[in-house]
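Observations on the three-dimensional arrangement
What follows is the residue order along each chain.
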Amino acid sequence: MDEPAEIGRRVQRLRAQRGMTQRQLAEPSYTPAYISTLESGKVRPSETALRFLAGRLGTSYEELATGRPAHLATELRLGLTDAQRELATGAADDAAVLFRRLLTDAEHLGLVPEQAEALLGLGDCALETGELDDAGRHFESAERLLAGEPLPRRARALRGRAIAHLLAGELRYACYLLETAIDELATNGLGDPEALVLLYTAVIGPYIDMGAHARAAHAAELALALAPQVRDPALVAGMHRQVARTFLAEGRTEDADTSLAHAQTIYRQLRLHTDLAHCHWMRGYVHAQNGELASAERELRTAREMLAAKRATLYTAQVEVELADVLRRLGEHEEAAGLLSALLELDDRHGAVHAGGAHRLLGLIAEERGEPETAEEHYVRALGLLERSGASGDLADLCRLLGDLLRRGGRVEAALDVYRTGLGHRAAPGTTTLGPSPAAPPFRLG
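Per chain, residue numbering runs from 1 following the sequence as it is written. Residues qualify for local features only when their pLDDT is at least 70, as the model is predicted, and side-chain atom pairs are given and counted only at 80 or more; totals for whole chains, interfaces and linings, by contrast, use all residues. Only hydrogens and water are removed before side-chain values are computed, so all heavy atoms of the structure are retained for them.

In this section: the overall build of the chain. Numbering of helices and strands runs from the N terminus; a helix is a DSSP stretch of H or I covering at least four residues, while a strand is a stretch of E covering at least two. Summing up its helical and strand segments, the chain has 23 helices and zero strands in all. By principal-axis analysis of the C-alpha atoms, the chain measures approximately 100 × 40 × 35 Å. Looking at the chain as a whole, 50% of its 446 residues qualify as buried. For the chain, the share of sequence-separated contacts (at least 6 apart) that also reach a separation of at least 24 residues comes to 61%. What sets the accessible areas is the Shrake-Rupley method with a 1.4 Å probe; for residues, cover comes only from the shown protein chains. For the chain, the computed accessible surface area is about 20,200 Å², with 50% contributed by carbon and sulfur atoms. By the counting rule applied here, Lys and Arg register as positive and Asp and Glu as negative, while His and the ends of each chain are not counted. Working definition for charges: the position is that of NZ of Lys, CZ of Arg, CG of Asp or CD of Glu. Averaged over its 50 positive side-chain charges, the chain has a centre that lies 6 Å from the centre of its 64 negative ones. Accessible area is worked out with a 1.4 Å probe on protein chains only. A residue is then buried under 20% of its type maximum, exposed over 50%, and partly exposed in between. The contact criterion used is simple: two residues touch if any of their non-hydrogen atoms lie within 4.5 Å.

See below:
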């Protein structure tokens, strides 16, 4: 709401335009003296008074309180819907152009909720294109705009910031952000089911990458219990997609595939192309775990084509790591190595976990070609990337590969050191990097 003097001038101008006296405007609820005091800017009108006066003047409460015609805010919200649709079905950089224009319009009109929505959209676009620093800045800006709002209202911005850190390989910090928010929701009694499902779903990935499988399973269990209270179908689909990862970690591949099928059905109905591509990606991984390599290759190539068509650079690169692994197992070493060599620029800037995976696979290919020195170089590079990111779930396996290579080369002491490193990560997964588990939801589940 504007200052009293501005509101008073606006009321006086509209009254004069309509040829009304102060008495005609005031009756039957107020007095002419009140209207005179209001027009002179000496009193701040209540919302009730402004709504009454807006009705008498034939305008909207919003226009009387702020000077903005109501249709401008409506048009802006429709534009945000169009930009979200473009992000879902088209290319992220095209959607970003729309979000930037809408952000400028929202800033000009002083519409804070719409500014935050535009910034969230820009953050999502930046995640797809792999501009993780930009994504983090957009989500942080949205958080600042919403600083006075309850945590459930800020959950999307916070989750986006955590995902940006996760994709950059900063697993521990991503967990910290998400767990802190879950704790705050629980301890302050802010039991918003949609916010909790959003946060529980987001924390599953970093938990698994860090080897904290019990925590991932618990987060999945809580998300599933809350799902019946969630009205957003896209959020439910995202939950099923992440829950599938916990099923895979437990060896329940059929349950994982069923969960992904649920997600795919929803994504097709909503025409969410990026999310649908992620389902193909995950189903390819499930097939690969089952040894169904031809099916895995088909799913992963589909995911890669869909993401490349949307110019989702980072996600395309990550799928190519999984595809390269399947191709290696099919004996297609040249194509696999070609894919992986192009991905090494990922490094810490664009996802240390997947860059580490690329080096690990190049090491395996080098071993199969009888090139132990090249294999060792790739394993050591992978080890450094995964240690910096805290990806304990993959470190133990990598230490075994490197240790076996060193032992076969007669370097027994070096091999033992590497094995000990791997055992340390396997012995108590997640406990060296994570604090206490988040508090339970502040209401009864089920």
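What follows concerns the packing of helix α15 (residues 253–270) against helix α16 (residues 273–289). How two helices sit against one another is set out by the angle between their axes and by the gap between those axes. To get an axis, fit a line to the C-alpha atoms, keeping to the stretch in contact for a helix; angles then go from 0 to 180 degrees between the N-to-C directions. Remark: α15 packs on α16, axes separated minimally by 9 Å, with the N-to-C direction vectors making an angle of 165 degrees. Taken together, the axes of α15 and α16 lie roughly antiparallel to each other. Judged by the sense of rotation from one axis to the other, the crossing of α15 with α16 is left-handed. Taking contact as the criterion, the partners of T253, A256, D257, L260, A261, A263, Q264, Y267 and R268 in α15 are, on α16, D275, L276, C279, H280, M282, R283 and V286. In this count, Pro and Cys sit with the nonpolar residues alongside Ala, Val, Leu, Ile, Met, Phe, Trp and Tyr, while Asp, Glu, Lys and Arg are called charged and the others, Gly among them, polar. Its residues assigned to classes, the contact of α15 with α16 comprises nine nonpolar, three polar and four charged. Throughout this description, any angle smaller than 35 degrees is read as roughly parallel, any larger than 145 degrees as roughly antiparallel, any in the 65 to 115 degree range as roughly perpendicular, and the remainder as oblique. A crossing counts as left-handed when the near helix is turned anticlockwise from the far one by less than a right angle, and as right-handed when that turn is clockwise.

Now for the packing of helix α14 (residues 233–249) against α16. Two elements in contact, α14 and α16, have axes whose closest approach is 11 Å; the angle formed by their N-to-C orientations is 10 degrees. Accordingly, the angle class assigned to the pair α14 and α16 is roughly parallel. Seen from α14, the contacting residues are R241, A244, R245 and L248; seen from α16, they are D275, H278, C279, M282, Y285, V286 and Q289. Here the residues of the contact of α14 with α16 are counted per class, giving six nonpolar, two polar and three charged.

For the rest of this paragraph, the subject is helix α11 (residues 171–187). Since the α-helix turns once every 3.6 residues, residues separated by three or four places project in the same direction. Multiplying one less than the number of residues by 1.5 Å gives the expected span of a helix. With 17 residues, α11 should reach 24 Å at 1.5 Å per residue; the first-to-last C-alpha distance of 24 Å fits that figure. Every buried residue belonging to α11 is among L171, A174, C175, L177, L178, E179, A181, I182, L185 and A186, and all of these are buried. Along its buried surface, α11 packs onto α10 (151–167), α12 (193–209), α13 (213–226), α20 (352–368) and α21 (372–389).

When two rings of Phe, Tyr or Trp (its six-membered ring) have centres within 6.5 Å they constitute a pair, described as stacked for plane angles under 30 degrees, edge-to-face for angles over 60, and tilted for the intermediate range. Here the structure, examined in full by the defined rule, presents three aromatic pairs. With a centroid separation of 5.4 Å and an interplanar angle of 55 degrees, the aromatic rings of Y30 and F52 are classed as tilted. Of the two residues, Y30 sits in the loop between α2 (22–26) and α3 (32–39) while F52 sits in helix α4 (residues 47–57), which places them 22 residues apart along the sequence. Among the aromatic side chains, those forming a connected cluster through ring pairs are Y30, Y34 and F52. When the NZ atom of lysine or the CZ atom of arginine is within 6 Å of a ring's centre and also within 35 degrees of its normal, the charge is said to sit over that ring. We note R51 situated over the ring of Y61; from NZ or CZ to the ring centre the distance is 4.0 Å.

Turning our eyes to something else, we now look at the environment of M306. As for its placement among the helices and strands, M306 is situated in helix α17 (residues 293–309). Of the residues examined, M306 reaches a relative accessible area of 22% and is grouped as partly exposed.

Once that is clear, we can look at the UniProt feature "domain: HTH cro/C1-type" (unreviewed entry) in the chain. UniProt positions are given in the numbering used here, feature names are shortened, and annotations may be inferred rather than shown by experiment. Using the residue numbers shown here, the UniProt feature "domain: HTH cro/C1-type" (unreviewed entry) corresponds to residues 11–64. Regarding residues 11–64, the helix share stands at 65% and the strand share at 0%, and the terminal C-alpha atoms are separated by 7 Å.

Now for the side chain of R10. Within the fold, R10 resides in helix α1 (residues 4–17). Ignoring anything within four residues of it in the chain, the contact list for R10 reads D2, E63, L64, A65, T66 and G67.

Turning our eyes to something else, we now look at the side chain of E143. With respect to the secondary-structure elements, E143 resides in helix α9 (residues 132–145). With sequence-adjacent residues up to four places away left out, E143 is seen in contact with R154, A157, L158 and R161.

Turning to the nonpolar core, a few remarks are in order. Buried Ala, Val, Leu, Ile, Met, Phe, Trp, Tyr and Cys residues form a nonpolar core when they are joined through side-chain atoms within 4.5 Å. By size, the foremost hydrophobic cluster in this structure holds 128 residues, and its most contacted members are F99, L127, Y200, L340 and Y379. Among the elements that make up this core, the one with the highest residue count is α12 (11 residues). Discounting residues that sit within four places of it in the chain, L340 has contacts with V321, A324, A358, L361, L362 and I365.

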